[in-house]
Amino acid sequence: PTTEYNDDRAATRQLAENASPSAACTECSDEPNAYMVGKDLVCDEYPYAYTKLCKHNANWAKQKFCQRSCFENGAGYNGDVCCAAAPPAPTPRARQ
């Protein structure tokens with residue numbers, strides 16, 4: 001299972017790298033479901049979702065929970081090509 005998971009991630013990265021800049025992409029969200037919120041789980045740190053939920057679960061696919069994280073981990077929803085995420089803003093350093 002781990003090999004399959006890593007193969008899916010590599011294929012997703014290749015797809016994103018090969019997409020032309022003019023190719024249509026989706027601004028993907030990363031919204032957790034109610035269960036995750038109640039358990040303080042976040043999409044990008046919930047690998048169970050990538051192998052058991054995401055595109056593998058009809059309810060998740062319908063509501064596109066954790067859309068960006070699922071896509072980035074090889075378990076994206078049918079037809080989704082998430083746009084590259086903007087890099088996080090630099091954190092200002094405190095002067096010493």
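Look a little higher up for the structure.
Residues numbered from 1 in each chain as written. Predicted model: local features only at pLDDT ≥ 70, side-chain atom pairs only at ≥ 80, totals over all residues. Heavy atoms only, no water.

To continue, consider unusual backbone geometry. Both trends apply: most residues other than glycine have a negative phi, and most peptide bonds are in trans. One non-glycine residue, Lys 64, lies in the positive phi region at around 55°. For Lys 64, a relative accessible area of 30% puts it in the partly exposed group. Even without glycine at this site, Cys 66 takes up a positive phi of about 50°. On the secondary structure map, Cys 66 appears in the loop between α4 (58–63) and α5 (67–72). The exposure class of Cys 66 is buried, given its relative accessible area of 0%. (Buried < 20%, exposed > 50% of the residue type's maximum accessible area, 1.4 Å probe, protein only. Helix = DSSP H or I, 4+ residues; strand = E, 2+ residues; numbered from the N terminus.)

The next subject is the state of the cysteines. On inspection of all chains with the given rule, the structure shows 4 disulfides. Two residues, Cys 43 and Cys 66, share a disulfide whose sulfurs are 2.1 Å apart. Taking the torsion about the S-S bond as the criterion, the Cys 43 to Cys 66 disulfide, at about -70°, is left-handed. Placement of the pair is Cys 43 in the loop between α2 (34–38) and α3 (47–52) and Cys 66 in the loop between α4 and α5, with a sequence separation of 23 residues. Neither residue differs from the other here; Cys 43 and Cys 66 are each classed as buried. Note on cysteine connectivity: Cys 54 is disulfide-linked to Cys 70, with sulfurs 1.9 Å apart. In this structure, the disulfide formed by Cys 54 and Cys 70 twists by about -75° around the S-S bond and is classed as left-handed. Linking Cys 54 in the loop between α3 and α4 with Cys 70 in helix α5, this pair joins segments that are 16 residues apart in sequence. Across the protein chain, the disulfide pattern expressed with sequentially numbered bonded cysteines is 1-8, 2-7, 3-5, 4-6. (Disulfide = S-S within 2.5 Å.)

A few words on the side chain of Asn 73. Structurally, Asn 73 can be placed in the segment after α5. According to the relative accessible area criterion, Asn 73 is buried, its value standing at 9%.

If you look at the biggest cluster of nonpolar residues, it comprises 13 residues, and the most contacted ones within it are Met 36, Ala 49, Cys 54, Trp 60, Cys 66, Cys 70 and Tyr 77. Residues within four places of Met 36 in sequence aside, it is in contact with Leu 41, Val 42, Cys 43, Tyr 46, Trp 60 and Cys 66. (Core = buried A, V, L, I, M, F, W, Y, C linked by side-chain atoms within 4.5 Å. Contact = heavy atoms within 4.5 Å.)

The subject of this paragraph is the environment of Val 81. Along the chain, the position of Val 81 falls in the segment after α5. Excluding its chain neighbours within four sequence positions, the residues that come into contact with Val 81 are Ala 24, Cys 25, Thr 26 and Phe 71.

Our focus in this paragraph is the environment of Cys 25. When you line up the elements, Cys 25 lands in the loop between α1 (2–18) and α2. By relative accessible area, which is 39% here, Cys 25 ends up partly exposed. Considering only alpha carbons, one finds Cys 25 and Ala 84, 59 residues apart in sequence, at a separation of 8.6 Å. The contact partners of Cys 25, leaving out residues within four places of it in the chain, are Val 81, Cys 82 and Cys 83.

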